[in-house]
Structures are given as C-alpha cells and as structure tokens.
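# Results of the structural survey
Now for the letters of each chain:
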Amino acid sequence: MERRSKTLERVFPLSEEAIVELANEYGTPLFLVVGERVMRNYAAFQEFFPGIEIFYAVKANPHPLVVKTLANLGSSFDVASAQEIALVLEQGVAPQRMIFANTIKRREALRYAREKGVSLLTYDNEEELRKIRTVYPEAKLILRLKTPSLGSRIDLSYKFGADPEEAAMLLKLAKNLGLETVGLSFHVGSPCHNPENYLRSLEIVRTIIQEGDREGVKLTVVDIGGGFPLHTYYTEGAEASMEYMSERIYPLLRSFLAAGYRVIAEPGRSLIGNACLLVTKVIGKAVRSGRIWYYLDDGLYGTFSAIPFDKASFDFYPLRDSEEEKPCVLAGPTCDSLDVIAEGVKLPPLMLDDLVVVPNIGAYSIASATNFNGFERARVVLV
Ligand SMILES: Cc1ncc(COP(=O)(O)O)c(C=O)c1O
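This one's a predicted model, so the numbers in the text were calculated from it and none came from an experiment. (Residues numbered from 1 in each chain as written. Predicted model: local features only at pLDDT ≥ 70, side-chain atom pairs only at ≥ 80, totals over all residues. Heavy atoms only, no water.)

## Details of the domain arrangement of the chain
- Taken domain by domain, the chain holds domain 1 (4-32 + 274-382) and domain 2 (35-273).
- For domain 1 and domain 2, the distance between their C-alpha centroids amounts to 32 Å.
- Contact residues are listed per partner, giving 22 residues for domain 1 and 23 residues for domain 2.
- Summing both partners gives a buried area of about 1900 Å² for domain 1 against domain 2, and 56% of it is carried by carbon and sulfur.
- Of all residues in domain 1, the largest losses of buried area upon contact with domain 2 belong to Asn-274, Tyr-364 and Leu-382, amounting jointly to 33% of the total for that side.
- Run the count over domain 1 and domain 2 and you get 2 salt bridges.
- Residue classes in the side of domain 1 that touches domain 2 are distributed as 15 nonpolar, 4 polar and 3 charged. (Domains from an automatic or database assignment. Contact = heavy atoms within 4.5 Å. Buried area = accessible area lost by both parts, 1.4 Å probe. Salt bridge = Lys/Arg side-chain N within 4 Å of Asp/Glu carboxyl O. Nonpolar A, V, L, I, M, F, W, Y, C, P; charged D, E, K, R; others polar.)

Right under this line is the structure:
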C-alpha cells in the first residue's frame, strides 16, 4: 500500500517532515498558505485567460498574508464591505484596483468607498440605485445579472442579480437618476464545473449590451465574476482545471476583448483553495455505539466552517500509516453536537496527538471561522 503521506505529497507541495516541523514550531491547528501555489494559480489564470483582469474575491480568504501575496503579484480585488476595503488598502493597494461587488451596500460603506476613492460598484435593483444616488452619485456602476448556475454547489443568482428582463429598465432608471452604468456582471455559482453557465451568461450579457445601446447607455465592462474550480496540478482529470474551462469559454471571451470590452473576473476559490493546508491534531478518542470517534483541535466552528457554509467536503491525511483502515467519525473540539466534521471516513487507527492533514482547504474556511467556546482559530503561516 502506498503511504498516505506520499499521496499527500502529490496533492500538496510539502513533505511530511516539513509539515511535522511546522506543527512543532507553531502548534496546531495550523493553517499553511503556500505562497508558491498562490503564485502558480495566479499565473495559471493569466495564462489560460489572457487579457482578463483579475480581481481576487477577498471573501474567499481575507487573511492579510493572502491579500498581500496577491497584491504583490499585481492582482486587483473584489471587496464586499467597508472592512474589506480597509483591509485591502492596508496592504498598499490603490482604490482603483478594487470593485465593490456587493449589490446591497450599507450607506456607511458607500460613504467610506467614496471617501477612499473606490469608484467601481455593482447594483442589481432600484432601491440600491436610489441609495447610490444620495451617497455616491459619481460612482461607476456595474449592473449584476441573474444568470444560470446549473450544477454549481452554491447558487449565486439566488440572492443576487437582476432578471435580464429588468435590465433595460434599470439601465434607463440609472441614466435618468444621473448615474453612469459602465458594465454588466454575473456569477455562475461556485464552484462551477459547467462551462455552459459562462457561455449562456455571456450571451445574456451580449443581449443586454444591445438593449443598453438602444437606451443610450454604452456598456464597456464585462465582469464574469468567479466560480472557477480549483486548478488541479496532479490529481483529478483535466476537467476540474482552469485549462478545461478556458478551452470552452475563452473563445467567446476573446471576442469581447477583440471588440474592445474591458473584461474582468473575480476569482476567489480558484486562486486560494488548493494553496492552503490545515494541520490539525487528534485531541480525544472514544468509542460510541460501536463507532470510533476522533476529536480534532479544529472543527465546524473553525476552519471546517467551509462544510456548513460552503457545503465543502475534504480528504483527510493522517500522518500515520497502517494496512488496516476503519470507518470513523471526525469531530471538532467544541461542546456542540453539531460539530461533527465527517462520518464514515476510513482511516488507520489513530492515537492522541497524531496529526491529520487536510489539503485544498484555502477557500471559505478561515474566512468564516469563529472563536466559539473560546477556541482559538487556526494560526496562519505563509510558507
Ligand atoms: C460577487 C462575487 N464575486 C466573486 C466571488 C468569488 O467566487 P469564487 O470563489 O467561486 O471564485 C463571489 C463568491 O461568493 C461573489 O459573491
């Protein structure tokens, strides 16, 4: 049998020895961000989607080390709140390199965006337009459309996006209010493995651009949102990669670029998801109703918040090998019975203090972690 840690090395560029050493130095739970992976993801996006401007979606992982790494690579940023604007400004990013891509914004946040000079904003409804007019009338606006997210785990056209049928009315209203709409955006859901969603969305965009023309509104920016799946370097088939998506959707995107449109994207997951690894420790073990339970020092209220909030699932790599594997339950450290990470996972018999490593946990994980029960969040280290 191949050692688990060997399999791990194929999905993650760190040796078992290096992981153990880092866990000894920093303690657990430990969240490792591999800078080289972030760079490779960023370079892969540029390679497979040339000419498309990258606005990293800060919500996916707002750790300052992550934002700084991407800022140094030249990324721009999608921010959703005044706090995210402040965080990105603190990393030395100019306000022109941000899009405030939350279609429902607090008035205070709009005021802050104006004060700081973050001028590109999204909207998808009438009330928001009226709010923007009172607080930030000189902003440059992007109308977000509701488009298909077939097959995506998280549907991002459920809570957001104007019906394409309402688009012309909203463009006209904005114009009548003295506001400038410069482009259109959509989000195909996350993660999106179905290129048809992008293709269909871009066809809708094309139609609305023509409707805009008829209303005297010239739209020059196309924002294709996020949704790109994790770029896989070693394991899954090419289908999950940026390459696969690029082959199918880039020809259409290229036609927008060739026609002079500014095309931007807001990738989150695809830039950070596979760049991070969680190192967690077995802190308890029990047999309940004939099942083995291992209690880890991180759980659903911490880094594994990706499970309830992002409907994510993960692979577990204990740094212990054995021929014999048994189904077990993995639970978090809090007093809440809800805090169960996974059931029926086949693992070798583990002992207290064993390390369990979890790759591909960079997106929507520490972003939504809490300190429930007083447990500290995972320590974040850039390697
Ligand atoms: C407006 C917007 N843009 C971008 C993203 C990032 O999406 P993803 O992580 O799928 O790339 C999200 C995710 O919620 C979003 O709401």
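Text resumes after the structure shown.
## Notes on the sheet that holds strand E6 (residues 140-144)
- The strand order around the closed barrel built from 8 strands is E2-E3-E4-E5-E6-E7-E8-E9, with neighbouring strands paired in parallel fashion. Adjacent strand axes in the sheet meet at a mean angle of 30° when their direction is disregarded.
- Examined bridge by bridge, E6 and strand E7 (residues 180-185) share 5 bridges and lie parallel to one another. Looking at E7, one finds that Arg-144 is bridged to Ser-185. (Pairing = 2+ DSSP bridges. Helix = DSSP H or I, 4+ residues; strand = E, 2+ residues; numbered from the N terminus. Axes fitted to C-alpha atoms, helices over the stretch in contact; angles between N-to-C directions.)

## Points about the nonpolar core
- Residues Phe-49, Phe-77, Ile-224, Ile-272 and Phe-316 are the most contacted members of the largest nonpolar core, which totals 104 residues.
- Per-element tally for this core: the top contributor is helix H10 (residues 242-258), with 8 residues.
- Counting residues domain by domain, this core receives three or more from each of domain 1 (4-32 + 274-382) and domain 2 (35-273).
- Apart from residues no more than four positions distant in its own chain, Phe-49 is found in contact with Phe-228, Met-242, Met-245, Ser-246, Ile-249, Tyr-250 and Leu-253. (Core = buried A, V, L, I, M, F, W, Y, C linked by side-chain atoms within 4.5 Å. Buried < 20%, exposed > 50% of the residue type's maximum accessible area, 1.4 Å probe, protein only.)

## Details of the side chain of Glu-211
- Locating Glu-211 in the fold gives a position in helix H9 (residues 195-215).
- Of the side chains with opposite charge, Arg-214 lies nearest to the buried Glu-211, which makes no salt bridge, at 4.7 Å.
- Leave out the neighbours within four places in its chain, and Glu-211 touches Pro-164 and Ala-168. (Lys, Arg positive; Asp, Glu negative; His and termini not counted.)

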